[in-house]
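# Structural characterization, general
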Amino acid sequence: MKKFIAIALALTTSLSLLACQGNGSAAAVNDSTEAVETKEEETKEASEEAVKEESQEAETESKEETEAAKEEGSENAGKFIMGIDPEYPPFSYIGDDGEYTGFDVEVCKAVCEKLGYDFDVFEVNWDEKLIQLDAGECDCIWSGMTIYDTMKEAGYVISEPYFENVQVMMVKEDSGINSTKDLAGKYVAVQLGTSGAALLEDELKDLASSFGDLVTCDSFLKCFTELGGGAVDAVFVDKPVAVDYMAEHEGYKLLEEDLGSEQYGIAFRSDDKELCSSIEGALDEMVADGSYAAIADKYPDLVKNLVYLNK
Amino acid sequence: MSLLTMIIKMSEGLSRTCAIFFLTLIFSLPLGMVVTLLRRSKNKIISSITRAVISVIRGTPLMLQLLAITYGPYYLVGLTVSRNKLVPVVVAFSINYAAYFAEIYRGGIDSISKGQYEAADVLGYTKTQTFLRIILPQVIKRVLPSITNEVVTLVKDTSLAFTVSYQEMFTIGKEIANSQTSFTPFLVAGVFYFVFNALVDFVMGKIEKKLNYYH
Amino acid sequence: MSKKILQMKNIIKSYSDTEVLKDISLSVEEGEVVSIIGPSGSGKSTLLRCATFLEKINGGLIQYLDTVAAHTNEEGKVVYVNRNQLTHVKSYFGLVFQQFNLFPHFSVLKNLTHAPILVQKRDSKEVEQEARELLKKTGLEDKADAYPCQLSGGQQQRVAIARALNLNPDILFFDEPTSALDPELTGEVLKIIKELADEKMTMVIVTHEMSFARAVSKRVIFMDGGFIVEEGDPEQVFGDPSQERTKQFLKNYNQV
């Protein structure tokens, strides 16, 4: 039965993923001038669009401003749409009850309650998340998002990092692979568009070139399936994701090597500085009153990476 | 990354795209005919099983079948997942396209008048001779436009191999797009597909014209 | 007494509950031209289809020359000869269809030569030679390389006759050969059949062309309701029918 569910899950996951995999990801570690130029152009276009939609947004903005002024006001301050990747456990995913959940989602819900927003979720196409943010389809990207310099250069307002992520190499326990050196000539899987993939293309290029083959999958589940099925020998993946998977599946281990790290933050539109600081303020309050830790306790694997709890 | 580098990188994947395309055609075109014959079998059990299988294959997305063929054996019976993804990709594509071709062939065979069979029978042709020499050539001519449609779709469908991480042209394009934050690879992919299909159209048009000597 | 090419005895044919042929017997001698007339649904086409094995009989015997192709055994079941023998028996006869049924993807010449070369394994040069002669005889020598779709209905039917003849059959069946043709084109087909009759070709013709049947045949069979109602010399059957039903049929026919 479990197998059946796993297959069903794999199938649905990949279906929605394919729908999501689109284009121009913001996951650009590569700070070549070209990439920045593209981003700037996009921002320009987006701001033009924003002008068009001014009348609509003006309403929301004014509400936000009053909200910021009121600070602890509890009356309705309008809608706050959280942009998430619904396939990124444990930060944002579809829970057992079919509703969106995850650490980021729970925190964002609590923040909205605090600030009097109507909480809503928008599933972004991860590759186009910043364009969708600009287009006003959501008010932030808050979904285990890695902060890149190019985002800031392109004018997006990025919150203080709230999570520090480590990339790890996951292998089978009995594989005899104990360090990245043992990976020479081996097959390694990585998820397309993730920071792991970017690292292997850039900072870890030499390591990547020692692999027998680098297999790019479109979801973590497929990476893990390739590993389980013996098609690859290792998966390069975000540590929390790997730990999460290993909690439910036996026979895997992580290579104890620091292969790179990244920070997660929340992205807002360029003109939403106040919104960003009001949310950062709310997070500080939650840390102070212990409600942040209460949520974090449900995600023990994340705790030691959460910047707010380790200040 | 310059446009040229992009094109060169994506061209490397083009050979894999072509491999999927040609291998799928080589296997699915005859397989479709076998399926049609099973579907038309006088044995009720064989024909209804075939019908059910066709209906499942046509009623589910190709992407799902790709996943099922690639990972299904691992989840169900613990078989090793194939390292060379071309194998499961071609198997899944061939089965899927055979189902479509089978229905096209069936329509073509049904459209041939009973008189052709009777004339051949009276002239002494065996069943096999009748099928191969009299019926099949006429069926091919009749179904060719529908086949062309499917072949054009197949060119575009090769991009689905991405689902199981087979590094064909579109997958590489996606990877470049992701790492370069650029839309250009998709434009390049579009041009590739368009040119590929223009060639397909040209070749199929030639064949159609060649068969156009009678009505 | 000349030899019998075809003998059909006590033929019974039924489709589910309907009996279409009820105990029909027919034998055709070498050189004989037999016309079968009758209203539609009388079973005359079915009789031809049973004779040419396009339909299986439910009872009776079919014999070509010395070969019994089908007969009813002691248990009352109809037994056909095996496939190889049946193929051989099929070479004794030819059938010309109402709808011509030429092979559209073959040229006229190939329509004539394909079966003799493939089925009878005859020498292709010799077959082609004969085919060209037959085309000449049917007035189609200039159409050898044409395709059926380029021909008129009358021309197509002439090709169909030539195709049947090119297998050198001992007997030729015609199933309403002019019914699908425009009236002005029937003449050219009937002319060919008349010429064949003059050459003593053994033929069985199911037809609605009464005057033609009267002129060309040695014997006329009137069928109705799955029975042979009347059989005899054309002058007798057409001029002085003995059966009331024949009279009625011919009367109705003449009114039309």
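Structure first, text after, so check above.
Computed from a prediction, not measured in an experiment: that's the story for all the values here. (Residues numbered from 1 in each chain as written. Chains lettered and ligands numbered in written order. Predicted model: local features only at pLDDT ≥ 70, side-chain atom pairs only at ≥ 80, totals over all residues. Heavy atoms only, no water.)

### Here's the deal with the overall build of chain C
How we decide: Only DSSP runs of H or I covering at least 4 residues are called helices, and only runs of E covering at least 2 are called strands; the numbering of each starts at the N terminus. Each radius of gyration is computed over the set of C-alpha atoms, and the globule rule expresses the reference value as 2.2 Å times the number of residues to the power 0.38. Whether a residue is buried, partly exposed or exposed follows from its accessible area with a 1.4 Å probe, protein chains only, as a fraction of its type maximum: under 20%, in between, or over 50%, in that order. Note on definitions: a residue-residue contact is assigned when non-hydrogen atoms from the two residues lie within 4.5 Å. Where accessible areas are quoted, they stem from the Shrake-Rupley method and a 1.4 Å probe; at the residue level, only the protein chains shown are allowed to cover. In this tally Asp and Glu are treated as negative and Lys and Arg as positive; neither His nor the chain ends contributes. To locate a charge, take atom NZ for lysine, CZ for arginine, CG for aspartate or CD for glutamate.
Along the backbone of chain C there are 9 helices and 11 strands. Taking 256 residues into account, the globule formula puts the C-alpha radius of gyration at 18 Å, and chain C, at 18 Å, falls close to it. In terms of principal-axis extent, the alpha carbons of chain C reach across some 50 × 50 × 40 Å. Looking at the 256 residues of chain C, the share that counts as buried comes to 55%. Sequence-distant contacts, at least 24 apart, represent 65% of the contacts inside chain C between residues at least 6 apart. Carbon and sulfur atoms form 45% of the exposed surface of chain C, whose accessible area is close to 11,500 Å². For chain C, the distance from the average site of its 30 positive side-chain charges to the average site of its 35 negative ones is 3 Å.

### A word on the state of the cysteines
All names here are of chain A. The condition is simple: To count as a disulfide, a pair of cysteine sulfur atoms needs to be within 2.5 Å.
Counted according to the given criterion, the structure contains 0 disulfides over all chains. No disulfide involves Cys138; its nearest neighbouring cysteine sulfur is the one of Cys140, lying 6.6 Å away. We note that Cys217 lacks a disulfide partner, and the nearest cysteine sulfur, in Cys223, lies 3.8 Å from it. The buried category is assigned to Cys217, whose relative accessible area is 0%.

### Focus on the sheet that holds strand E10 (residues 219-224) of chain C
Residue and element names in this part refer to chain C. The test is simple: DSSP calls a pair of strands paired once it identifies at least 2 bridges connecting them. Axis lines are fitted to C-alpha atoms, over the contacting stretch for helices. Their N-to-C directions set the angle, which ranges from 0 to 180 degrees.
With respect to topology, 6 strands assemble into an open sheet ordered E7-E8-E9-E3-E10-E11, the strand pairing being mixed. Edge strands, defined here as strands with exactly one partner in the open sheet, are strand E7 (93-96) and strand E11 (227-232). Strand-to-strand twist across the sheet, computed as the mean angle between neighbouring axes with direction ignored, equals 15°. The pairing of E10 with E11 spans 5 bridges and is antiparallel. The residue of E11 that forms the bridge with Ile221 is Glu231. Lying on the sheet, helix H6 (residues 183-198) is in contact with strand E3 (33-37), strand E8 (171-175) and strand E9 (203-206); it crosses E9 at an angle near 150°.

### Points about the packing of aromatic side chains
Threshold: For Phe, Tyr and Trp, rings pair up if their centres lie within 6.5 Å, where Trp contributes its six-membered ring, and each pair is then called stacked (planes under 30 degrees apart), edge-to-face (over 60) or tilted (otherwise). Only when the NZ atom of a Lys or the CZ atom of an Arg is both within 6 Å of the ring centre and within 35 degrees of the ring normal do we say a charge sits over the ring.
Counted according to the given criterion, the structure contains 33 aromatic pairs over all chains. Centre to centre, the rings of A:Tyr88 and A:Phe91 are 5.8 Å apart; their planes meet at 25°, and the pair counts as stacked. With respect to burial, A:Tyr88 and A:Phe91 carry one shared label: buried. Plain terms: the ring middles of B:Phe170 and B:Tyr193 are 6.2 Å apart, the flat faces sit at 45° to each other, and that makes the pair tilted. You can see B:Phe170 sitting in helix H7 (residues 169-180) and its partner B:Tyr193 sitting in helix H8 (residues 184-210), a full 23 residues away along the chain. Judged by relative accessible area, which is 19%, B:Phe170 ranks as buried. Three or more aromatic residues joined by ring pairs form one cluster here, namely A:Tyr88, A:Phe91, A:Phe163, A:Phe220, A:Phe224, A:Tyr245, A:Tyr252 and A:Tyr264. In this structure, A:Lys129 is placed above the aromatic ring of A:Trp126, and the distance from its NZ or CZ to the ring centre is 4.3 Å. A cation over a ring is seen here: B:Arg83 above A:Tyr187, with NZ or CZ 4.2 Å from the ring centre.

### Things to note about the pattern of salt bridges
Where side chains of opposite charge bring their charged atoms close, a pairing between them can arise. Residue and element names in this part refer to chain C. Formally: A pair is scored as a salt bridge if a Lys or Arg side-chain nitrogen falls within 4 Å of a carboxyl oxygen belonging to Asp or Glu.
If you walk through the whole model with that rule in mind, you get 29 salt bridges over all chains. The partner of Glu231 in a salt bridge is Arg219, and the shortest N-O contact between them spans 2.3 Å. One end of the pair, Glu231, is in strand E11; the other, Arg219, is in strand E10, with 12 residues separating them in the sequence. Exposure remark for Glu231: the relative accessible area of 38% places this residue in the partly exposed category.

### So, the layout of surface pockets
The condition that has to hold: Buriedness of a pocket was judged along seven lines, with at least five required to meet protein on both sides within 12 Å; pockets are open sets of points on a 1 Å grid over the protein atoms alone, cavities are sets where a 1.4 Å probe fits but cannot get out, and lining residues have an atom within 4 Å of a point. Grid points are joined across faces, edges and corners, and a volume is the space filled by probe spheres set on the points. Residue type decides the class: Asp, Glu, Lys and Arg count as charged, Ala, Val, Leu, Ile, Met, Phe, Trp, Tyr, Cys and Pro as nonpolar, and the leftover types, Gly among them, as polar.
Volume-wise, the second largest pocket comes out at about 1,400 Å³. Taken together, 32 residues line the second largest pocket, and the ones lying closest to its centre are B:Lys42, B:Tyr117, B:Asp121, B:Lys127 and B:Thr130. Listing elements by their share of the lining of the second largest pocket, those giving two or more residues are helix H5 (114-122) and helix H6 (127-157) of chain B together with helix H2 (83-90) of chain C. Classifying every residue of the lining of the second largest pocket by side-chain character gives 12 nonpolar, 8 polar and 12 charged.

### Quick notes on a nonpolar patch on the surface
Residues and elements named next belong to chain B. Which entries qualify depends on this criterion: Only residues whose relative accessible area exceeds 30% and that form no salt bridge are eligible for patches; like-charged ones are grouped when within 9 Å, while nonpolar side chains (Val, Leu, Ile, Met, Phe, Trp, Tyr) are grouped when within 5 Å.
A cluster of nonpolar side chains, namely Leu31, Val34, Leu38, Ile46, Ile69, Val87, Val91 and Ile95, defines an oily patch on the protein surface of about 560 Å² accessible area. Within the residue set of the nonpolar patch, elements represented by two or more residues are helix H1 (3-39) and helix H4 (86-110). Relative to the helices and strands, Val87 is located in helix H4.

### Some words on the interface of chain C and chain B
Stated formally: Throughout, buried area stands for the accessible area (probe radius 1.4 Å) lost by two parts on being put together, summed over both.
Opposite the 24 residues of chain C that make contact, chain B presents 19 residues. Here chain C packs against chain B, burying approximately 2,100 Å² in sum over the two surfaces, 63% of which is carbon and sulfur. Connecting chain C to chain B are 2 salt bridges. With a closest N to O distance of 2.7 Å, B:Asp121 and C:Lys90 form a salt bridge.

### Let's talk about the nonpolar core
Note the following rule: Joining through side-chain atoms within 4.5 Å is the link that ties buried Ala, Val, Leu, Ile, Met, Phe, Trp, Tyr and Cys residues into a set, and such a set is a nonpolar core.
Core analysis: the largest hydrophobic core is formed by 103 residues, its most contacted members being B:Tyr125, C:Tyr64 and C:Phe173. Broken down by element, this core gets its largest block of residues, 12 residues, from H6(B). Once residues within four sequence positions are removed from consideration, C:Tyr64 is found in contact with C:Ile5, C:Leu6, C:Ala51, C:Thr52, C:Phe53, C:Val89, C:Tyr92, C:Phe93, C:Ile171 and C:Phe173. Membership of the second largest hydrophobic core comes to 52 residues, among which are A:Met170, A:Phe224, A:Ile266 and A:Tyr308.

### Examining unusual backbone geometry
What you tend to see is this: most non-glycine residues have negative phi, and most peptide bonds are trans. For the bond running from A:Pro89 to A:Pro90, omega is 0°, close enough to zero to count as cis. When you line up the elements, A:Pro90 lands in the loop between strand E2 (87-88) and strand E3 (92-94). In this structure, C:Lys121 takes a positive phi of about 55° despite not being glycine. Mapped onto the fold, C:Lys121 is located in the loop between helix H3 (108-118) and helix H4 (124-137). We note that C:Asn168 has phi near 50°; this positive angle belongs to a residue other than glycine. Along the chain, C:Asn168 turns up in the loop between helix H5 (153-165) and E8. On the basis of relative accessible area, C:Asn168 is assigned to the partly exposed category, the value being 44%.

### Points about H2(C)
We apply this condition: By definition, the arc is the one covered by directions from the helix axis to the C-beta atoms. For this analysis, a polar contact is any N or O atom pair within 3.5 Å, provided that within protein one partner can donate a hydrogen and the other can accept it, and provided that sequence-adjacent residues contribute only side-chain to side-chain pairs.
Among the residues of H2(C), C:Leu86, C:Val89 and C:Lys90 are the ones counted as buried. In an axial view of H2(C), the angular spread of the buried residues amounts to 100°, which keeps them on one side of the axis. The inward-facing, buried residues of H2(C) contact H5 of chain B together with strand E4 (59-64), strand E5 (67-72), strand E6 (78-80) and E7 of chain C. The backbone nitrogen of C:Asn84 has a side-chain oxygen 3.2 Å away, supplied by the residue at the start of H2(C), namely C:Asn82.

### Some thoughts on the environment of C:Val220
All names here are of chain C. Along the chain, Val220 falls in strand E10. Between the alpha carbons of Val220 and Ile57 there is a distance of 23 Å; along the sequence they are 163 residues apart. Sequence-distant contacts of Val220, that is, excluding residues within four places in its chain, are made with Ser35, Ile37, Ala213, Glu230, Glu231, Gly232, Pro234, Val237 and Phe238.

### Re the pairing of strand E13 (residues 261-268) of chain A
Residues and elements named next belong to chain A. Counting buried residues in E13 gives 6 out of 8 residues, a clear majority hidden from the surface. Of the pairings in the sheet, the one linking strand E6 (residues 140-146) to E13 comprises 3 bridges and is antiparallel in character. Residue pairing across strands places Thr146 opposite Tyr264, the latter belonging to E13.

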